[in-house]
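# Examining the three-dimensional arrangement
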Amino acid sequence: MAEKMIAAVYQGVQQIDIKVVDKPQLHPGKVLIKVSYAGICGSDMGIYFGKHPRAKAPLIMGHEITGEIVETSLPEGAKIKVGDRVTVNPLISCGQCLPCQTGNAHVCRNLGLVGIDTDGGFAEFVAVDADKVVKIPEHLPLDTACLVEPLAVSVHAVRKSAYKTGDTVVILGGGPIGLLTAITARYAGASQVVICEVSQSRKALASSLGFTVVDANDKPEEEILNLTNGNGADVVFEAAGVPDTAALATQIVKITGQVVVVGVFKRPALVDLQVVNFRELSLIGTRVYTPQDYQVAVNMLVKDKSISRVISHRLPLEQVQKGFDLMLKSEDSMKILLYP
Ligand SMILES: [Zn+2]
Ligand SMILES: [Zn+2]
């Protein structure tokens, strides 16, 4: 009989149950991780509400995973061994398509993710491909290291943008990705980082981390132009993924500036392309991260202890429902971690 474990299993729209399930099998090329923490992501909410195009119940979600290797299928002397503290790069690329073959496996035509297309980390154990495991330095706590994945999204956005040291940056949206993007821009030497957000608690957190905060409900356009001598920002990162901020983005960026789409839009947004044209703006999209972005994120977390303040809750796995309920209340939560 297969060994058993506890897991939070997505069973259908708005239904997640704590269940006893088979412990994952260790196929060749895989390692087994005993999960320490797994973060709840916005995309998990999409699955929860039955809106994700690929995720199918029953599924164990969770792609922001840290833990310890407890079993490997690798030969003696391999780089990854039992006892290693690790996180996981959850991207599953096909290796065959044009993007994969031209150095862009992160935007693979058939891109999948651990925790969406295969079982993930909301469980006691998860099995992943050995080459997707990223070691965590000894002095980096495993809860903080859960931020590597979302931070890598921000690192990728900043590295892919036209951003240069000394630039003025505006971030639309002060949720986990917005705040991590602000932290990354500052880490990269921004002269000013402004966060535009609606939630009181998120604004308070952003300002306690030293960022200039603008109320998204109170003429943000005017205030951002005031803060930038009427010129607008060099680079605007849209990290809210909602139509209102998409429209705002092109109004608060300087002439010849850049708008970077980081937030995931669930429905189309109206963007005035005449503004893009007349003001010679550039508009780019960024999606997930490269392996190098992952390593930069690990290094940033080692150097900047304050990043862990993005974590608002650490809940036992049994309270997964509470975690998902809290995710809906931007006033009460930022990054929520579950631990089995
Ligand atoms: Zn995520
Ligand atoms: Zn591919």
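Our subject in this report is the structure included herewith.

### Observations regarding the environment of Ile136
The residue Ile136 is located in the loop between strand E9 (133–135) and helix H3 (148–160) in this model. Here Ile136 falls in the buried class, since 23 other C-beta atoms lie within 10 Å of it. Placed 47 residues apart in sequence, Ile136 and Asn89 show a C-alpha to C-alpha distance of 12 Å.

### As for the pairing of strand E4 (residues 64–72)
Pairing analysis gives 8 bridges linking strand E3 (residues 30–40) to E4, with the strands arranged antiparallel. If you follow Lys34 over to E4, its bridge partner there is Glu68. Pairing analysis gives 3 bridges linking E4 to strand E5 (residues 85–88), with the strands arranged antiparallel. Along E5, the bridge assignment pairs Glu68 with Arg85.

### With respect to the environment of Glu318
With respect to the helices, strands and loops of the structure, Glu318 is situated in the loop between strand E16 (311–316) and helix H10 (320–327). Taking the C-alpha atoms as reference points, Glu318 and Thr256, separated by 62 residues in sequence, lie 50 Å from one another.

### Description of the packing of H3 against helix H4 (residues 176–187)
A packed helix pair is summarised by two numbers, namely the angle formed by the two axes and the spacing between the axes. Packing of H3 against H4 leaves a shortest axis separation of 8 Å and a crossing angle of 55°. The orientation of H3 with respect to H4, classified from their angle, is oblique. Between H3 and H4 lies a crossing of right-handed hand. Contact residues: H3 offers Pro150, Leu151, Val153, Ser154, Val155, Ala157 and Val158, while H4 offers Pro176, Ile177, Leu180, Thr181, Thr184 and Ala185. Residues belonging to the contact of H3 with H4 are distributed by class as follows: 10 nonpolar, 3 polar and no charged.

Scoring rules and cut-offs
Residues numbered from 1 in each chain as written. Chains lettered and ligands numbered in written order. Predicted model: local features only at pLDDT ≥ 70, side-chain atom pairs only at ≥ 80, totals over all residues. Helix = DSSP H or I, 4+ residues; strand = E, 2+ residues; numbered from the N terminus. Buried ≥ 20, exposed ≤ 12 C-beta atoms within 10 Å, placed from the backbone. Pairing = 2+ DSSP bridges. Axes fitted to C-alpha atoms, helices over the stretch in contact; angles between N-to-C directions. Parallel < 35°, antiparallel > 145°, perpendicular 65-115°, else oblique. Left-handed = near helix turned anticlockwise from the far one by under 90°. Contact = placed C-beta atoms within 7 Å. Nonpolar A, V, L, I, M, F, W, Y, C, P; charged D, E, K, R; others polar.

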